[in-house]
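What follows is the residue order along each chain.
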Amino acid sequence: MLLLRRCRCLTQLGPSSFHRHQATPAVASCVVRLWSSFDDQRSDQRIHGPSWRHALVGLLAGTGAVLAYGLHHQKAEQADAIKARTIKKPPTLPIFSQEEVTKHRSLEDGVWVTYKGGVYDITKFVTMHPGGDKILLAAGGALEPFWALYAVHNQEHVLEILSEYKVGELRAEDLKKQQAVKSSDPYSSDPERHPVLRINNLKPFNAEPPPEILSDSYVTPSAFFFKRNHLPVPKVDPATYELHVEGLPGGGLKLSLEDLKTRFPKHSITATLQCAGNRRSEMNKVKQVKGLNWGIAAISNARWSGARLRDVLLAAGYSPDMAQWACHVQFEGLDKDVTGTTYGASIPLNKAVSEEGDVLLAYEMNGEPLPADHGFPVRVVVPGTVGARNVKWVGRIVVSKEESSSHWQQNDYKGFSPGTDWDTVDFKSAPAIQELPIQSAITTPADGAEVERSDEEVTVKGYAWSGGGREVVRVDVSVDGGKTWQVAQLRSSEKGQAPEPSPPPGRAWAWKLWEVTAPLPADAQELDIVCKAVDSSYNMQPDTVAPIWNLRGVLSNAWHRVKVKIREDEGEDE
């Protein structure tokens, strides 16, 4: 009856009133035809009588259904159209010439950039840019060449941020000029890498090996050694390579690769390098941080050979009295961005010139010339110090009163309170990371692995290392989340070889591999395996990540944990 009452209401509508509802053309046509038919039949109502009225009710009921469907369909089409306009056809924006864009190259005049034909006013974003004011290098021009170099920008969330600052479109003829200038890929000459590496970023290349590989060999094969590049790998001709040493009396020193090999004694050390962001992924689980999502394998151990930095500085004119004014030794790599800015870092002078510091200008890795990814032909190896200071492809060394002014020394690789965010961070308020804290991790079994109940025990392996030459003296392992502990067996050589003698105090540059076999708890269905290390200064790892969380995700060294299922044997309960 409700439907019929609604249908009676429809009889009050004519074609003109129907059109006011803006139905779709198909529905409108159908209803107009029905109304016309109704007008024709009304003139014959005396002939058809009641049967005509019944037919009319049915007709109008059907018309109501068609109309209802049509209106619904129309609303859906309108919603789709609105959505399409929102996504595909944003409000018309003004057209700017490249000349107009170029006028906006400073904070005073505004900072404008172009990207794929769009014009963006990023003035307000400059102070929030994680890369500091380097973004100003793109002011007044195209972002594409810079993003080809810093490929980390090619992510959806970065594009979303950029879209908020769009103010117009670039004039068509200027866009064509941009497209005509084909910028070559600066990474096209990068070396090939082993496919087993787990890539965290392709350009620049950053990757780590599967964790289980790390504990298979005390010295990490060069192909599996983690790769951490900030810029494209430079192609350096060893025959024309020159190292410039500056900042000392006598006008400096210029050395070829052959000079380094023949004029200075060859010195070798086994040293572990670790990225400041190793285990960053665990901080991301607490709260998102900015940086590559490293697992536990941004750390490796190698045998390095080369000239001592101390010997080279002495040959360049260094003397102990210079320590009265000089405090730092700066390094510049030969890897460059599109502006010619090189990667750079610095270390304290006392580390550089100390006989016990063992800082090398290395030209060999594991008995072979340095691979391209690891600094060929010469790199700095600063044992006990964060990887970021171990500058690869080193081309310039400066003894200075000041730290390196490099972005990576001043505005990156620093630790902050968990309460510091990107709105409040002041990079000048924190010292640059040098020595790293005590570290350990479980390489096998992997998180989520399974063991058979019938195995009755589980073997756990991993690595442990501490910065500053502090030797790892103990690793504690628990399979029940820290309720009970066992001491792992430490190893400082390859399997089957006699253990290396303990290094002199303060010169333990290499990691310890460790292993422990523990019985499976009888009533457990899952193992909560935990490890923690202790160094010669009795520094220990914190038990959780949250108190050491920081916005850059560096210095992540909490107890490492993995969960392992115990699989019951088939037929055990039969």
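Everything quoted here is computed from the prediction, not taken from an experiment.

**Examining the overall build of the protein chain**
Piece 1. Of regular secondary structure, the protein chain possesses 15 helices and 27 strands.
Piece 2. For the protein chain, the proportion of contacts with a sequence separation of at least 24, taken over those separated by at least 6, is 72%.
Piece 3. Of the roughly 28600 Å² that the protein chain leaves accessible, carbon and sulfur atoms contribute 53%.

**Some thoughts on the sheet that holds strand E3 (residues 110-115)**
Two modes of strand pairing occur in sheets, parallel and antiparallel, and in both the strands are linked by backbone hydrogen bonds.
Piece 1. Taken in spatial order, the five strands line up as E1-E5-E4-E3-E2 in an open sheet, and their pairing is mixed. The open sheet has two free edges, formed respectively by strand E1 (95-96) and strand E2 (105-106), since each of these has just one partner strand.
Piece 2. Pairing geometry for E1 and strand E5 (residues 166-170), over two bridges, is parallel. If you follow Ile95 over to E5, its bridge partner there is Glu169.

**A few points about the sheet that holds strand E13 (residues 328-336)**
Piece 1. Judged by pairing direction, the sheet is mixed, and its five strands sit side by side in the order E10-E9-E18-E13-E14 without closing on themselves. On the outer flanks of this sheet lie strand E10 (253-256) and strand E14 (342-348), each paired with one strand and no other. The mean angle between the axes of side-by-side strands here comes to 15 degrees, regardless of whether they run parallel or antiparallel.
Piece 2. Bridging between strand E9 (residues 242-246) and E10 involves four bridges; their strand directions are antiparallel. Residue His244 lies in a different strand from E10, and its bridge partner there is Lys254.

**Notes on the nonpolar core**
Piece 1. Counting residues in each nonpolar core, the largest one holds 56 residues, and the members touching the most others are Leu260, Leu313, Val329 and Leu361.
Piece 2. Listed in part, the 23 residues of the second largest apolar core include Val451, Val472, Val479 and Ala518.

**Re the packing of aromatic side chains**
Note on aromatic pairs: each is described by the distance of the centres and the angle between the planes.
Piece 1. Throughout the structure, instances matching the rule amount to 10 aromatic pairs.
Piece 2. An angle of 55 degrees between the planes, with centres 6.0 Å apart, marks the rings of Phe125 and Tyr165 as tilted. Linking Phe125 in the loop between strand E4 (118-121) and helix H7 (144-149) with Tyr165 in the loop between helix H8 (156-163) and E5, this pair joins segments that are 40 residues apart in sequence.
Piece 3. Pairing Tyr463 with Trp511 gives two aromatic rings, centres 5.7 Å apart and planes at 25 degrees, and the pair type is stacked. With Tyr463 in strand E21 (residues 457-465) and Trp511 in the loop between strand E24 (489-491) and strand E25 (512-519), this pair connects stretches of sequence that are 48 residues apart.
Piece 4. Judged by relative accessible area, which is 0%, Trp511 ranks as buried.
Piece 5. Among the aromatic side chains, those forming a connected cluster through ring pairs are Phe225, Phe226, Trp294 and Trp304.
Piece 6. Over the ring of Trp422 we find Lys290, and its NZ or CZ is 4.7 Å from the ring centre.
Piece 7. The ring of Trp485 has Lys532 lying over it, and the distance from NZ or CZ to the ring centre is 4.8 Å.

**A closer look at the pairing of E13**
Piece 1. As paired elements, E13 and E14 share six bridges and run antiparallel to each other. The residue of E14 that forms the bridge with Glu332 is Gly344.
Piece 2. Here E13 folds back onto E14, and the loop between the two strands holds five residues, one of which, Gly340, carries a positive phi near 90 degrees.
Piece 3. Two elements, E13 and strand E18 (residues 394-400), share six bridges in a ladder whose sense is antiparallel.

**Considering the environment of Ala271**
Piece 1. Relative to the assigned elements, Ala271 resides in strand E11 (residues 266-274).
Piece 2. According to the relative accessible area criterion, Ala271 is buried, its value standing at 0%.
Piece 3. It is 7.2 Å that separates the C-alpha atoms of Ala271 and Trp304, two residues lying 33 residues apart in sequence.
Piece 4. When residues no more than four places from it in sequence are discounted, the contact partners of Ala271 are Ser300, Asn301, Ala302, Trp304, Pro383, Trp509 and Ala510.

**Some details on the side chain of Arg453**
Piece 1. Relative to the helices and strands, Arg453 resides in the loop between strand E20 (450-452) and E21.
Piece 2. Looking at Arg453, the relative accessible area reads 14%, which means it is buried.

**Structural notes on the pattern of salt bridges**
Piece 1. Going through the model one piece at a time under the given rule, you end up with 26 salt bridges.
Piece 2. One salt bridge connects Glu169 with Lys166, and the closest N-O pair in it is separated by 2.9 Å.
Piece 3. Residue Lys166 is classed as partly exposed on the basis of its relative accessible area of 32%.
Piece 4. Notably, a salt bridge pairs Glu435 with Arg470, separated by 3.0 Å at the nearest N-O pair. In this pair, Glu435 sits in the loop between helix H15 (407-410) and strand E19 (439-444) while Arg470 sits in the loop between E21 and strand E22 (472-478), placing the two residues 35 residues apart along the sequence.
Piece 5. Here Glu435 falls in the partly exposed class, since its relative accessible area comes to 45%.

**Some points on unusual backbone geometry**
Piece 1. Residue Pro377 is reached from Phe376 by a cis peptide bond, and omega for that bond is 10 degrees.
Piece 2. With respect to the helices, strands and loops of the structure, Pro377 is situated in the loop between strand E16 (368-369) and strand E17 (379-381).
Piece 3. Residue Pro445 follows Thr444 across a cis peptide bond; omega there is 5 degrees.
Piece 4. Phi at Tyr413 is positive, roughly 50 degrees, even though this residue is not glycine.
Piece 5. With respect to the helices and strands, Tyr413 occurs in the loop between H15 and E19.
Piece 6. Residue Tyr413 is classed as buried on the basis of its relative accessible area of 2%.

**Focus on the pairing of E5**
The side chains of a regular strand alternate between both faces of the sheet.
Piece 1. Strand direction decides the pairing type here: E4 and E5, joined by three bridges, are antiparallel. Paired with Gly118 across the bridge in E5 is Glu169.

**Re the confidence of the model for the protein chain**
Piece 1. Taken residue by residue, the protein chain gives an average pLDDT of 85. The fraction at 70 or more is 82%.
Piece 2. The model gives residues 1-73 a pLDDT under 50, and that stretch makes 42 contacts with residues more than four places away or in other chains.
Piece 3. Confidence drops under a pLDDT of 50 for residues 81-88, and excluding neighbours within four residues, the segment shows two contacts in the predicted structure.

Cut-off values and rules
Residues numbered from 1 in each chain as written. Predicted model: local features only at pLDDT ≥ 70, side-chain atom pairs only at ≥ 80, totals over all residues. Heavy atoms only, no water. Helix = DSSP H or I, 4+ residues; strand = E, 2+ residues; numbered from the N terminus. Contact = heavy atoms within 4.5 Å. Areas by Shrake-Rupley, 256 points an atom, 1.4 Å probe, with all protein chains shown as cover. Pairing = 2+ DSSP bridges. Axes fitted to C-alpha atoms, helices over the stretch in contact; angles between N-to-C directions. Core = buried A, V, L, I, M, F, W, Y, C linked by side-chain atoms within 4.5 Å. Buried < 20%, exposed > 50% of the residue type's maximum accessible area, 1.4 Å probe, protein only. Phe/Tyr/Trp six-rings, centres within 6.5 Å; stacked < 30°, edge-to-face > 60°. Lys NZ or Arg CZ within 6 Å of the ring centre and 35° of its normal. Salt bridge = Lys/Arg side-chain N within 4 Å of Asp/Glu carboxyl O. pLDDT = per-residue confidence, 0-100.

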